[in-house]
Structures are given as C-alpha cells and as structure tokens.
Amino acid sequence: MLPRTSIATVCLSGTLDEKLDAAAAAGFDGVEIFEPDLVASPFSPHRIASAAADRGLSIDLYQPFRDLDSADDERFARNLIRLERKFDLMDALGCDLLLVCSSPLPGAVADDARLVAQLGAAAEVARRRGKRLAYEALAWGTHVNDYRHAARLVAAVGDPVLGNCLDSFHILSRGDDPAGIAEMDADSMFFLQLADAPAMRMDLLQWSRHHRCLPGQGNFDLATFIRAVQASGYRGPWSLEVFSDLFRHADAGRTARDAHRSLRYLAEIADETGACPIVGAAADAVAAGGVVDVPSRGPAAAGDIVSVRVAAGPVLAPRIAECLSYIGFDLQGVDSVTGLRLYRDADIAVVVDATAGTVWTAPGVPADMPTIAQIGLRSDNPAAWEQRAADFDVAVAPVPAPGTVAPASGDEVVRLDVTETLAIDLRAVASASEWQERFDLVPRRAAPPSKLFTGVDHVGLGIPTADWEGAMLLLRSVFGMWVDDGLDIPDAVGTMRSQALTLPTSSGSAVRIVASMVPTQLDDHGPLRRPGGLTHAAFACDDIFDTARRCRARGLRALPIPDNYYDDLIARFDLSDAMIEQMRTFDVLYDADDDGGEFFHFFTPTIGEDLFFEIVCRRNGYRGYGEVNSPARVAAELHRRAVDPTVAASGSGP
Ligand SMILES: O=C(O)c1ccc(O)c(O)c1
Ligand SMILES: [Mg+2]
C-alpha cells in the first residue's frame, strides 16, 4: 500500500501553476512549496493556496528555512524575526509545517547545549504561531550533519512542535547506516524526503544540488532505507525532493509521472524480503553461476533473450547478413513480401528487417544507422506483464507486422517502448520457430542450425541524456531489473556513463543490459555514437578460441586489436605466453576481477555508423562486461576506418 505522496516543487520545471498541474495530474496528494518558487511567483500566497486546493493538493511543507542558529546572539535574534515573517506567509498559505535545515555556515553554533536553547526558542515562537518545525541535518552542515545528532537535539528540546525531517540523500550520500531510523520515535518524525543519486565521488553539496534523481534511477540502497523508516512507525507522507539539472529543463508532466511511478516502485521493493536487494546482490547471485536467489519482481518471471530484431534498412541489410553468417548464424527463412530474413544459431534468432520508413523499423533511425530495434524475451504469461505495465502507467503498444505503415491493433504481441528506438517484446512467441511460423517464412535451409553460442550474454543500449532517468526507472520498475554501481568510461570520442542492469530469469540465468549515456546536447553525436537505441548484441560461448577459430573459418575478420594492447596485458596480468599469443592471433580482449573471474571477448567490425556484434566468454563468475576494454574497441574501430577509407565512405562493415 502506498502512503500519502508528496513532491517538492523544486523537482518540476515551469511556473508554479504548471508544477501544481503536473503534480496533480500525476496523482500526488500534496506538495512541498520550495521557497524560491514562491518568491518568484507573481501570485500571492493566498492565491497559491487556492491554486493547490483547486487541484486537490495539500501543502504539506514549506521549505527551507536556512541558517537558524548562530554563534552571534544578535544575528540569532534577527533570525527569529525572519522566522515570524515566514509564519505570516505560511498563515496565508495554509501550511503549518516548516523545514529548518542545519546550518552550513562557519558561524553556526557548535555547542549542543546552546543549539538546544536556540532550537527551543524557535519552537516556542512556532508554538505561539500554531506552527511546527521539521529539523533536517544537511549532509554538509557545519556541526549538525548526522540524522542521529539532529534527533538527539530535537529530543533534548522536548517540545512537541519540533520534530525531525529525514532526507534519504543526506543520509545515504555520506555512506551512513539508516538502521538507526528504525529506533526513532515515530511521533518525532514530522517529514520524509526521498531522493536517489548516481554513485559519484564529489562534493556533497554539488552532488545534492545537481545530481539527485528519483528512487529507482540512481545507485542508493533505498530499499533498506525505506524499510528502516517503516520499522519506525512513521505515518507521514513520502515526499520526493530531487534537485536535478536535468529535471529543471525536462517536461514537468513527464517528471511528475516518473516521480509517482518511482514511489510505487519504492513501495514494491520495500515489501521484498532479503538484505540489500538493489545494489550488487543480483549481479553477485548471477555471477555465482547457480540459481539466482534474488526475487524476481515480475508477475511472471521472464525467460532469456531468444530473439533480436535488427532494423537494417535496404542498403546495409546485406552487410549485416554477411556479418551474421561469419559468426555462425545461418539463414533459416525469408518473408517473400517484406524480405524479412530469419537467421539462427542454436536457440538464438536474429531477424534482419530491410524495410525502410515503416513503423516496423526503428523510428528516427537514419538509413545508414542500422539498429537493434527489438529484443524478444520468452514469457509464459505476457498478459501479466501487460497488467504490470499498466500498474506502472506505462503504455503498451502492439507490435506492428513487418512492412506495415501503421500500428495494428488487436495483435497479441506486447511491446514496451523503453526508448523511442527500442521495444522489449514480452510474449509467448519470440523464438526462432515462432518467428518462422508467425510470419510464414519460406524455409531456406534443411540442415539444423549451427551451435556456436549458448545464448545472448547482454545487449548494449544507448540512452540520450534526457531520457536516461526515465529509462532507468522503466527498466527497474516494470521489468524489475537490478543495478550495480555505474561507471564512467572515457574513450577516444567522449566519456560515457555506463550502467549495467540485470534481470534474473526463470532459467536461473540473467538478461543483461549495459546502458550508456549519449549526450543529448551535442547536435552531432559524433562518430561511433548513436542518438539512442541498442548498439550491440553480445553472444556467449563456452570456448572463446574455438569459437574465434570457427568464425574465422566462416570468413570473419574480427576487429583488429593493436600489439600495444597485448603488451599492456602482459604487464597487468600473469598470463602465459601461449595465452597471450592466442589472444593476439584472434584479436581477443581480456579482463579479470579480484575474485578470479575472467572475461574473454572479441568484436566484429562496426556496420554502418555504430552497430556491431560481440562474442564473449565468462569464466569463474566474472561479473562485468569488459567495460575497461571499451576505449580499445573504439580506438581500434576509428583506426580501421582511418586506414581503410572505403570503410567510412561506404559505411560498410566487414
Ligand atoms: O541544498 C539545500 O540547500 C537543501 C535545502 C533543503 C533541503 O531539504 C535539502 O535537502 C537541501
Ligand atoms: Mg531535504
């Protein structure tokens, strides 16, 4: 059950009225009025109060009141007068709760007894004015920056109009343990502010003011945090307070919808049992190789990725077909009308679609940018997934048939648009034979398909900056994916924020997506970067060198890796000469983790602007994706283009 929900106006862009519209439309019960929004508004506090009431929103909190305490008595006296003026304003606003944050000033009171006296004096004013104060420890407060310290001060004052405001950012950004919240007196907990944030090492104030995000969009362990809050018996609203450079110019309606969805997501993960389920646990369980014992959040566990559809366009489709055949995929069937071609290795289907300008191809993708437009996961119960999407207010569209120019209705296929250019297809029909039957493909081959691969190890997904937060939340809420810490990877054409997401599957394996952020502000997204969408699919094998040999025999010239790379490997790892020689021969890259896990991989050359395939082999529970080698791949690809101008000119691949 979701408690009362609230959102700070600072989370949303636009005028105050627009912010209220967006909050109400998204289903929030109330708002926190952020002072600068009120100060900048042309409307009186009375008018703002009725604007909120007209939309069915309560004003749950007015904030912030800064720098209350002071080592300078005269200054403190002035601060109490300032407090009275704010209470006048709150009278007009019809709000009785004021957030007071701990002081970050050098002149803040250091001595607890004196601080208790000053907080007590402020509480007395508040009581006389029929108001309440919620005291919040800012992570960068000069003397008070720990929620336990703030709670001790509040308890020492002992005035029922003075309570605590807990803000997940200030607690989790410091790496603090939220367990103490469970021991707090629920009556003293006046307000709860929630925010997530990406893992970063930076000044706390900068991190807080520019990079907060919604629960389910960052890397904080909010599940453990919210359970501690619930254990305390807190009865107030769950309110979102997200300072974000991205949200400040994002569409307010979209942010508010994501915000409400994030609280539903948080309520769901709060109900899960088990320790620290967000960060790391899923990856660890998957890496351990055995059955995944983290809960699957979906209503019906999803299966592995069984198909990948490449929107190739007519020009580059033959190149893609050629590349697929080099790495073991055999043509199995062709649609005589649309030219849709089905390739297969073992149980993996790759469908190459050569149509252009139809809804079936990825919208917005230029003809020279073939993209993976759809991944198919097996599910025993697509209808349950559809219901789940509806629970999170995510539109589910039918997938149109190839060649059609408008979406068909009544199709049984469930399509979730993760980004404009990617649909995840959760349905009963997704495998090679189902593709074959569904589109009545003309069989092209009697022989059984080859068996180079054991499955799809992961897919790479480029997400434009502006869509990043929304896509993260969608993948984690609707699909129930788990995240590890993200990484920043500098390479020859920019720096990419990379974030792995993992979905445990019914077979005890995992669907893995490696998301990377594509800067939206660049008009020209630069070489080897697409404006969004899937960049590659990685196929898993049991023996990297045997597979590389077989691919070579089928005609593959893998992306050439320079000798410098191998000299560096020799320096970094204790690998035998024979092993290094094999890697050099087959252009295999390598990574290892601290727990003995090893990763071997090689790449096909890029086709068009940025589509490639990867062949990977994990050993001993390696958890990563060889991200450290990503700059080597990008540089190798740039070099390949530079030395062979026909490659770049024709946009062609191998
Ligand atoms: O960054 C700040 O100053 C600030 C103000 C009010 C808050 O509730 C908060 O968490 C941070
Ligand atoms: Mg706060």
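Analysis parameters
Residues numbered from 1 in each chain as written. Chains lettered and ligands numbered in written order. Predicted model: local features only at pLDDT ≥ 70, side-chain atom pairs only at ≥ 80, totals over all residues. Heavy atoms only, no water. Salt bridge = Lys/Arg side-chain N within 4 Å of Asp/Glu carboxyl O. Helix = DSSP H or I, 4+ residues; strand = E, 2+ residues; numbered from the N terminus. Buried < 20%, exposed > 50% of the residue type's maximum accessible area, 1.4 Å probe, protein only. Donors = N, O, S within 2.8 Å, 3.2 Å for Na, K, Ca; no water. Tetrahedral: all angles 85-135°; square planar, octahedral: opposite > 155°, others 65-115°. Axes fitted to C-alpha atoms, helices over the stretch in contact; angles between N-to-C directions. Parallel < 35°, antiparallel > 145°, perpendicular 65-115°, else oblique. Contact = heavy atoms within 4.5 Å. Nonpolar A, V, L, I, M, F, W, Y, C, P; charged D, E, K, R; others polar. Near = heavy atom within 4 Å. Polar contact = N/O pair within 3.5 Å; in protein donor to acceptor, adjacent residues only side chain to side chain. Areas by Shrake-Rupley, 256 points an atom, 1.4 Å probe, with all protein chains shown as cover. 1 Å grid on protein atoms, 1.4 Å probe; cavity = no way out; pocket = protein on both sides within 12 Å on 5 of 7 lines; lining within 4 Å. Points joined across faces, edges and corners; volume = space filled by probe spheres on them. UniProt positions renumbered as here; feature names shortened; annotations may be inferred. Domains from an automatic or database assignment. Buried area = accessible area lost by both parts, 1.4 Å probe.

Undergrad: So, the pattern of salt bridges: which residues are in play, and what are the values?
TA: Scanning the entire structure with this criterion turns up 35 salt bridges. In this structure, the salt-bridge partner of Arg129 is Asp91, at a minimum N-O distance of 2.9 Å. On the criterion of sequence distance, the pair formed by Arg129 in the loop between helix 5 (112-128) and strand 5 (132-136) and Asp91 in helix 4 (residues 73-93) is long-range, its members being 38 residues apart. Here Glu322 makes a salt bridge to Arg319, at a shortest N to O gap of 3.9 Å. Taken together, the residues Glu322 and Arg319, both in helix 13 (residues 313-326) and three residues apart, mark about one turn of the helix. Look at Glu322 and you get partly exposed, because its relative accessible area is 31%. Via salt bridges that share partners, Glu84, Arg85, Asp88, Asp91, Arg128, Arg129 and Lys131 belong to a single interconnected network.

Undergrad: Mind laying out the coordination of the magnesium ion (ligand 2), listing which residues take part and the relevant values?
TA: In this structure, Glu136 (OE), Asp167 (OD), Gln193 (OE1) and Glu241 (OE) serve as the protein donors to the magnesium ion (ligand 2), at separations of 2.1 to 2.2 Å. Angles of 76 to 175° at the metal separate the six donor atoms of the magnesium ion (ligand 2), which places the site in the octahedral class. We note that the donor set of the magnesium ion (ligand 2) lies within a single chain, spaced as E-x30-D-x25-Q-x47-E. Within this pair, whereas Glu136 is found in strand 5, its partner Asp167 is found in strand 6 (residues 162-167), the two being separated by 31 residues in sequence. Residues Glu136 and Asp167 agree in their burial class; the two are buried.

Undergrad: So what's going on with the packing of helix 9 (residues 222-232) against helix 11 (residues 252-270)? Residues and values would help.
TA: Each pair of packed helices gets described by two things: the angle between the helix axes and the distance between those axes. Packing of helix 9 against helix 11 leaves a shortest axis separation of 9 Å and a crossing angle of 75°. Judged by the angle between their axes, helix 9 and helix 11 are roughly perpendicular. Contacts from Leu222, Ala223, Ile226, Arg227 and Gln230 in helix 9 reach Leu266, Ile269 and Ala270 in helix 11. Of the residues in the contact of helix 9 with helix 11, the class split is six nonpolar, one polar and one charged.

Undergrad: I'd like a description of the site of ligand 1, backed by residues and values.
TA: Lining the immediate surroundings of ligand 1 are 14 residues, of which Arg66, Glu136, His170, Arg209 and Glu241 lie closest. Separating an oxygen atom of ligand 1 from a side-chain N or O atom of His170 is a distance of 2.6 Å. Within the complex, the protein chains bury 100% of what would otherwise be the 290 Å² of accessible surface of ligand 1. Residue classes in the shell around ligand 1 are distributed as five nonpolar, three polar and six charged.

Undergrad: Any details on the side chain of Asn79? Residues and values, ideally.
TA: Position of Asn79 relative to the elements: it lies in helix 4. Among the polar contacts listed, one links the side chain of Asn79 to the backbone oxygen of Leu68, at a separation of 2.9 Å.

Undergrad: Can you lay out empty space enclosed by the protein for me, pointing to particular residues and giving the numbers?
TA: Counting across every chain of the model gives five cavities of 30 Å³ or more. Considered as a void within the structure, the second largest cavity measures approximately 50 Å³ in volume. Taken together, Ala548, Arg552, Leu556, Ala558, Phe586 and Phe602 make up the lining of the second largest cavity. Across the lining of the second largest cavity, the residue classes tally to five nonpolar, no polar and one charged.

Undergrad: Go over unusual backbone geometry with me, naming the residues and quoting the values.
TA: With omega at -10°, the peptide bond leading from Gln63 into Pro64 counts as cis. For Pro64, the position within the fold is in strand 3 (residues 58-65). The residue Asp587 is not glycine, and still its phi comes out positive at about 55°. Inspection of the secondary structure puts Asp587 in the loop between helix 19 (577-586) and strand 24 (589-592).

Undergrad: Report on the UniProt feature "binding site: Mg(2+)" (unreviewed entry) in the protein chain, specifying residues and quantitative values.
TA: Here the UniProt-annotated "binding site: Mg(2+)" (unreviewed entry) positions come out as His458, His536 and Glu614. In terms of the greatest pairwise C-alpha distance, the residues named above, spread along 157 residues, form a tight cluster of at most 9.3 Å across. With respect to the element layout, His536 can be found in strand 23 (residues 533-540). Dropping the residues within four chain positions of it, His536 is found in contact with Ile372, His458, Val459, Gly460, Phe612 and Glu614. Within the local environment of His536, its side chain forms a polar contact with the side chain of His458, the two groups lying 3.4 Å apart. Turning to its location among the elements, Glu614 is positioned in strand 26 (residues 612-619). Here Glu614 falls in the buried class, since its relative accessible area comes to 2%. Contact partners of Glu614, with chain neighbours within four places excluded, come to His458, His536, Ala537, Ala538, Phe539, Phe599, His601, Phe602, Phe603 and Tyr625.

Undergrad: Which residues make up the domain arrangement of the protein chain, and what are the values?
TA: Looking at the assigned domains, one finds that the protein chain contains domain 1 (5-271) and domain 2 (302-650). Here domain 1 meets domain 2 over a buried area of about 1600 Å², counting both sides, of which 46% is carbon and sulfur. The interface formed by domain 1 and domain 2 contains two salt bridges. Taking the shortest distance from any N to any O, the salt bridge between Arg264 and Asp393 comes out at 3.4 Å. Remark: the boundary between domain 1 and domain 2 carries nine residue pairs in polar contact (both at pLDDT 80 or more). Only helix 10 (245-249) and helix 11 provide two or more residues apiece to the side of domain 1 that touches domain 2. The biggest single contributor to the side of domain 1 that touches domain 2 is helix 11, with seven residues.

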